[in-house]
Amino acid sequence: MKLSYLKAKDFRNIRETTLTFGEGVNVLCGENGQGKTNALECLYLFSRGRSFRAGGEAEMVRFGAGGFSAEIGFVTGGRDHTLVWRYFDGRHKRIHNGFEVEKIGEFIGLFRAVLFSPDHL
């Protein structure tokens, strides 16, 4: 599995961004408060269907925004996949390759990730 990109809008402190990932190891670096951990939280949301920091989706909305949207692209088994997660007005929508996914159980596991954080030590 190879992650290709992450797009996020109004997610935590991220107003709008697109991150692209290359082959091998990718490193997120920057000053404190620039959104590095928020980007990882966004990726984790696609993997597990929940945040590793927040209690719910409403906590992931950038202050003053009405909701957030996020999208990832990845390749697995030689096929391209896109996943979209939108949360507005207390309602979420999850989309896989252009088709809405109603049940969270059908969404979790499409993108796999493992999280190691200082809290695990």
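Procedures and definitions
- Residues numbered from 1 in each chain as written.
- Predicted model: local features only at pLDDT ≥ 70, side-chain atom pairs only at ≥ 80, totals over all residues.
- Heavy atoms only, no water.
- Pairing = 2+ DSSP bridges.
- Helix = DSSP H or I, 4+ residues; strand = E, 2+ residues; numbered from the N terminus.
- Salt bridge = Lys/Arg side-chain N within 4 Å of Asp/Glu carboxyl O.
- Core = buried A, V, L, I, M, F, W, Y, C linked by side-chain atoms within 4.5 Å.
- Buried < 20%, exposed > 50% of the residue type's maximum accessible area, 1.4 Å probe, protein only.
- Contact = heavy atoms within 4.5 Å.
- pLDDT = per-residue confidence, 0-100.
- Phe/Tyr/Trp six-rings, centres within 6.5 Å; stacked < 30°, edge-to-face > 60°.
- Lys NZ or Arg CZ within 6 Å of the ring centre and 35° of its normal.

### Description of the pairing of strand E1 (residues 2–11)
Looking down a regular strand, the side chains alternate between one sheet face and the other. Relative to strand E3 (residues 67–76), E1 runs antiparallel, the two being bridged by seven bridges. For Ala8, the partnering residue across the bridge sits in E3 and is Ala70.

### Focus: the pattern of salt bridges
Per the stated rule, a full pass over the model turns up three salt bridges. Between Asp10 and Arg62 there is a salt bridge, with the nearest N and O atoms lying 2.8 Å from each other. Of the two residues, Asp10 sits in strand E1 while Arg62 sits in the loop between helix H1 (36–48) and E3, which places them 52 residues apart along the sequence. Through salt bridges with shared partners, a single network forms among Arg12, Glu41 and Arg53.

### What about the nonpolar core?
In terms of nonpolar packing, the biggest core is built from 24 residues, with Phe46, Phe68 and Ile72 touching the most fellow members. At the level of secondary structure, the elements contributing two or more residues to this core comprise E1, H1, E3 and strand E4 (79–88). With residues near it in sequence (within four places) discarded, Phe68 still touches Lys9, Asp10, Phe11, Leu45, Glu57, Met60, Val61, Trp85, Arg86, Tyr87 and Phe88.

### Some details on the side chain of Asn38
Assignment of secondary structure puts Asn38 in helix H1. Among residues more than four places away in sequence, those in contact with Asn38 are Phe11, Arg12, Asn13, Ile14 and Arg53.

### What to know about the confidence of the model for the protein
Close reading of the predicted structure is inappropriate where its pLDDT is low. Per-residue pLDDT for the protein averages 93, and the proportion of residues at 70 or more is 98%. E4 holds the highest mean pLDDT among the elements of the protein, 98, whereas helix H2 (residues 104–107) holds the lowest, 92.

### Quick notes on the sheet that holds strand E2 (residues 14–20)
Hydrogen bonds along the backbone pair up the strands of a sheet, which may run parallel or antiparallel. Spatially, E2-E1-E3-E4-E5-E6 is the arrangement adopted by the six strands of the open sheet, whose pairing is antiparallel. Looking at which strands have only one partner, the edges of the open sheet turn out to be E2 and strand E6 (99–100). Pairing of E4 with strand E5 (residues 91–96), which is carried by six bridges, proceeds in the antiparallel orientation. Paired with Tyr87 across the two strands is His92, which belongs to E5.

### Considerations on the packing of aromatic side chains
Enumeration over the complete set of coordinates arrives at six aromatic pairs. On the numbers, 5.5 Å between centres and 90 degrees between planes, the contact of Tyr44 with Phe52 is edge-to-face. What links up through ring pairs into an aromatic cluster is the set Phe11, Phe68 and Tyr87. The side chain of Lys7 reaches across the aromatic face of Tyr5, ending 5.5 Å from its centre. Between the NZ or CZ atom of Arg94 and the centre of the ring of Trp85, over which it lies, the distance is 5.3 Å.

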